[in-house]
Amino acid sequence: MTRSWFTEPELSGGGAIVDHVVHIADLLEGLMGSAPVTVTAVANRTLHAARAQAETAGLVTITYANGVVAAIDCSWSKPDTSAVWVG
């Protein structure tokens, strides 16, 4: 089974950053009890490069008002035939 729709932003809503980071960032904000002050992100399309139309990997760094710095490493690193689609 392949998931070709996952790399098409019109069908999936975005790439690996949208897919993974939103959930972790939401959890971190709740755990920190503090709002993000800065967010920095880098992304690439190295994984599934032949068909990727959205980022397939990224690194997001969030600095919170309480001084905590969190890094979220997200990717679609599983093979297309994986039973689950998590990175």
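This one's a predicted model, so the numbers in the text were calculated from it and none came from an experiment.

A word on the side chain of Glu 55
Tracing the backbone shows Glu 55 in the loop between strand E1 (36-44) and strand E2 (57-64). Notably, Glu 55 is buried but unbridged: the nearest opposite-charge side chain belongs to Arg 45, and the N-O separation is 6.2 Å. Only 3.4 Å separates the side chain of Glu 55 from the backbone nitrogen of Gly 15, close enough to count as a polar contact. What Glu 55 contacts, discounting residues up to four positions off in sequence, is Gly 15, Ala 16, Ile 17, Val 18, Ala 43, Asn 44, Arg 45 and Trp 76.

Side note on the nonpolar core
Core analysis: the largest hydrophobic core is formed by 11 residues, namely Ala 16, Val 21, Ala 25, Leu 28, Val 60, Ile 62, Tyr 64, Ala 70, Ile 72, Cys 74 and Trp 76. Where this core is concerned, the elements lending two or more residues are helix H2 (16-32), E2 and strand E3 (69-75). A total of four residues in this core trace back to one element, the largest contributor, which is H2. Setting aside its immediate chain neighbours within four residues, Tyr 64 contacts Ala 25, Leu 28, Glu 29, Met 32, Ser 34, Ala 35, Pro 36, Val 37 and Ala 70.

Quick notes on the rules
Residues numbered from 1 in each chain as written. Predicted model: local features only at pLDDT ≥ 70, side-chain atom pairs only at ≥ 80, totals over all residues. Heavy atoms only, no water. Helix = DSSP H or I, 4+ residues; strand = E, 2+ residues; numbered from the N terminus. Buried < 20%, exposed > 50% of the residue type's maximum accessible area, 1.4 Å probe, protein only. Lys, Arg positive; Asp, Glu negative; His and termini not counted. Salt bridge = Lys/Arg side-chain N within 4 Å of Asp/Glu carboxyl O. Polar contact = N/O pair within 3.5 Å; in protein donor to acceptor, adjacent residues only side chain to side chain. Contact = heavy atoms within 4.5 Å. Core = buried A, V, L, I, M, F, W, Y, C linked by side-chain atoms within 4.5 Å.

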